[in-house]
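# A closer look at the structure
Here is how the chains run, residue by residue.
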Amino acid sequence: MANPNISATLTPANQTTIQTGIAAILVLLPFLVNLTPAERKKLRKMATKRTGYVSAVYNASLNNPNAIPTTFSMPEFTKDFNLDIALKAIRAMLLPLTEGIDDTLLAIGHEQMQESDMCYGFLQQGAKGDAALTAIVQNISTAFAGQGKKKPGVTISVPAGGSVTIKKVNTAKHLINSGITILGYYKVGDLASSMVLLNPSDSVKLPKDFANLVIVNQSATLAGQFTYTQKP
């Protein structure tokens, strides 16, 4: 469905029910954290490629307890290992929901832009001979001058579980996650452990020395995409 027509309502009662359900879920997850971009950058990333390493070390440590000093807490390692599995299973269940919401918002935004363009044309016609409406139309024209006329950026697809390298990024413009998966990015020449994550629909203005980047798709099953502007 390339251009779905969204015609629906979400009643206050339904919104309250959804909010109550989400609140109940959050009560069961009091340990969730929210990291800043700087904090994410400092952390080593396990991601998909290092999952096998962690699993192998954990199982070897569990089966060879005499090799692990008593100062190291295997019960804590076990808690982390099992929590990782449980949270990934929950995230897999939630992903279709969040993707559906993101795609629906994208479709609704598209519809609103088309509707706004049509109404703006009607308002321009109606403003002829109407000083008050003329002033309103002029205010809209001034406030949003040039929108929709900017040179589009370059949009690149990232295969599921894959990565792409881009060069000559215009760091004066924003790097945008224009897909439906979480992306990671780091400067060419840096270690992958310095990767910073970028959620769907989010954008970031890169430091000046980030003209050459590696973009990594954090989803192992879904393709992602991003949009950026190249240097002249």
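The structure we're discussing is the one just above.
I will try to describe carefully the structure that is included in this document. (Residues numbered from 1 in each chain as written. Predicted model: local features only at pLDDT ≥ 70, side-chain atom pairs only at ≥ 80, totals over all residues. Heavy atoms only, no water.)

We now examine the environment of Thr48. Mapping Thr48 onto the fold places it in the loop between α2 (37–42) and α3 (51–63). Owing to a relative accessible area of 57%, Thr48 belongs among the exposed residues under this scheme. Distance from Thr48 to Pro30, taken between C-alpha atoms, is 25 Å for residues 18 residues apart in sequence. (Helix = DSSP H or I, 4+ residues; strand = E, 2+ residues; numbered from the N terminus. Buried < 20%, exposed > 50% of the residue type's maximum accessible area, 1.4 Å probe, protein only.)

With that settled, the discussion passes to the side chain of Asn170. Checked against the element boundaries, Asn170 lands in the loop between β2 (163–166) and β3 (174–176). Not counting residues up to four positions away in its chain, the partners in contact with Asn170 are Thr229, Gln230 and Lys231. (Contact = heavy atoms within 4.5 Å.)

Looking now at the pattern of salt bridges. On inspection of all chains with the given rule, the structure shows 3 salt bridges. Across the pair Lys79 and Glu76 runs a salt bridge whose closest N-O atoms are separated by 3.7 Å. Of the two residues, Lys79 and Glu76 are both situated in helix α4 (residues 74–126); the distance of 3 residues between them amounts to about one turn of the helix. Two residues, Asp209 and Lys187, come together in a salt bridge whose shortest N-O distance is 3.0 Å. (Salt bridge = Lys/Arg side-chain N within 4 Å of Asp/Glu carboxyl O.)

All right, on to the packing of α4 against helix α5 (residues 131–143) then. Where α4 contacts α5, the two axes come as close as 9 Å, and the packing angle between them is 140 degrees. Relative to α5, the element α4 is oriented oblique. Helix-helix and strand crossings are classified by hand; for α4 and α5 the assignment is left-handed. Contacts between α4 and α5 involve Tyr120, Leu123, Gln124 and Gly126 from the first element and Leu133, Val137, Ile140 and Ser141 from the second. By residue class, the composition of the contact of α4 with α5 is 5 nonpolar, 3 polar and no charged. (Axes fitted to C-alpha atoms, helices over the stretch in contact; angles between N-to-C directions. Parallel < 35°, antiparallel > 145°, perpendicular 65-115°, else oblique. Left-handed = near helix turned anticlockwise from the far one by under 90°. Nonpolar A, V, L, I, M, F, W, Y, C, P; charged D, E, K, R; others polar.)

Owing to its 3.6 residues per turn, the α-helix brings residues three or four apart onto one side. Here α4 spans 74 Å end to end across 53 residues, near enough to the 78 Å set by a 1.5 Å rise per residue. The largest bend in α4 comes to about 35 degrees, at Leu94, with the proline Pro96 one to four residues further on. Within α4, the full set of buried residues consists of Met74, Phe81, Leu95, Glu99, Ala107 and Glu111. Buried residues along α4 sit against α3. Of the residues that open α4, the one with a side-chain oxygen 3.2 Å from the backbone nitrogen of Glu76 is Ser73. (Expected span 1.5 Å × (residues − 1). Bend = angle between axes of the 7 residues up to and from the residue. Polar contact = N/O pair within 3.5 Å; in protein donor to acceptor, adjacent residues only side chain to side chain.)

Residues Ile166, Leu175, Tyr185, Leu206, Leu213, Ile215 and Phe226 are the most contacted members of the largest nonpolar core, which totals 16 residues. Among the elements of the structure, β2, β4 (183–187), β5 (196–198), β7 (213–217) and β8 (224–228) are those that each provide at least two residues to this core. Those residues in contact with Leu213 that sit more than four places away from it in its chain are Val164, Thr165, Ile166, Val169, Leu175, Tyr186, Lys187, Val188 and Leu206. (Core = buried A, V, L, I, M, F, W, Y, C linked by side-chain atoms within 4.5 Å.)

Here we come to the sheet that holds β7. Ordered by their spatial adjacency, 4 strands build an open sheet running β2-β7-β4-β5, and the pairing between neighbours is antiparallel. Only two strands of the sheet have a single neighbouring strand rather than two, namely β2 and β5. Between one strand and the next, the sheet's axes are offset by a mean angle of 25 degrees, whatever the strand orientation. By the bridge criterion, 4 bridges tie β2 to β7 in an arrangement that is antiparallel. (Pairing = 2+ DSSP bridges.)

The values are spatial; any link to function lies outside them.
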